[in-house]
Amino acid sequence: MENCIFCKIADGRIKTDAVYEDDKIIAFKDLNPVAPVHILIIPKAHISGVMALTEKDKTLVGEIFLVARSLAEQFGIADNGFRIVANSGENAGQSVPHLHFHLLGGRKLGWPPG
Ligand code: AMP
């Protein structure tokens, strides 16, 4: 996608310090972190959000969760707990229309979310 900011990060048009990368997935620190650990995990291919997922994405989503698990260990938030969030649509406040999973931790996270 020509003007998608996360596509630009995924294909290197925007430089980022990736904390994880393979041929299908990239993870990087959120520009405006809301927790001591705030990492975004995205598919490199453009998928506009959760509602655009199809059967063919089942393995990809599973792999994203395994990356999240591994990053939680790497960033020291596995033991105390963390949250994985995928905002979908306007009411959830999705601001970037490219599927992404927030990995949040390093502080007590309130529930329910605002
Ligand atoms: P959401 O509101 O769920 O769509 O999340 C989008 C997230 O992307 C926000 O937390 C932003 O801070 C983050 N973000 C936007 N642009 C960038 C960027 N260039 N690098 C890192 N994070 C970004």
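Predicted, not measured: the structure shown is a model, and the values here were computed from it. Each residue is numbered by its place in its chain's sequence as written, counting from 1. Note on the predicted model: pLDDT of at least 70 is required for a residue's local features to be given, and 80 or more for side-chain atom pairs to be given and counted; whole-chain, interface and lining totals, by contrast, use all residues. Side-chain numbers come from the whole structure's heavy atoms, not from hydrogens or water.

Chemist: Looking at this model, I keep getting lost on the layout of surface pockets. Mind explaining?
Modeler: A probe as big as a water molecule, rolled over the atoms, marks out the empty space that is left. Only protein atoms enter the 1 Å grid used here. Points where a 1.4 Å probe fits but cannot escape make up a cavity, open sets with protein on both sides within 12 Å along at least five of seven lines make up a pocket, and a residue lines them when an atom lies within 4 Å of a point. Grid points are joined across faces, edges and corners, and a volume is the space filled by probe spheres set on the points. If you add up the space inside the largest pocket, you get close to 660 Å³. As for the largest pocket, its lining consists of 31 residues, of which D30, N32, H38, L40 and H102 are closest to the centre. Of the residues in the lining of the largest pocket, the class split is 16 nonpolar, ten polar and five charged. G76, I77, N80, G81, F82, R83, G106, R107, K108 and L109 together form the lining of the second largest pocket. Nonpolar residues are Ala, Val, Leu, Ile, Met, Phe, Trp, Tyr, Cys and Pro. Charged residues are Asp, Glu, Lys and Arg, and all others, Gly as well, are polar. Of the residues belonging to the lining of the second largest pocket, the class tally is three nonpolar, four polar and three charged.

Chemist: Would you explain the nonpolar core in this entry?
Modeler: Nonpolar side chains in soluble globular proteins generally cluster together in the buried interior. If you look at the biggest cluster of nonpolar residues, it comprises 17 residues, and the most contacted ones within it are I25, A27, I39, I41, I64, L71 and L103. Within the residue set of this core, elements represented by two or more residues are β2 (25-29), β3 (37-43), α2 (58-74) and β5 (101-105). Numbering of helices and strands starts at the N terminus; helices are DSSP runs of H or I of at least 4 residues and strands are runs of E of at least 2. When residues in this core are grouped by element, the largest group, six residues, is from α2. Only heavy atoms enter the contact rule, under which two residues are in contact if any of them lie within 4.5 Å. Leaving out residues up to four positions away in the same chain, I39 has contacts with V19, A27, F28, K29, D30, L71, F75, F101, H102 and L103. To form a nonpolar core, buried Ala, Val, Leu, Ile, Met, Phe, Trp, Tyr and Cys residues must be joined to one another through side-chain atoms within 4.5 Å. Throughout this description, buried means an accessible area under 20% of the type-specific maximum (1.4 Å probe, protein chains only), exposed means over 50%, and partly exposed covers the range between. One finds F6, I26, I42 and V96 within the second-largest nonpolar core, a separate group that totals ten residues.

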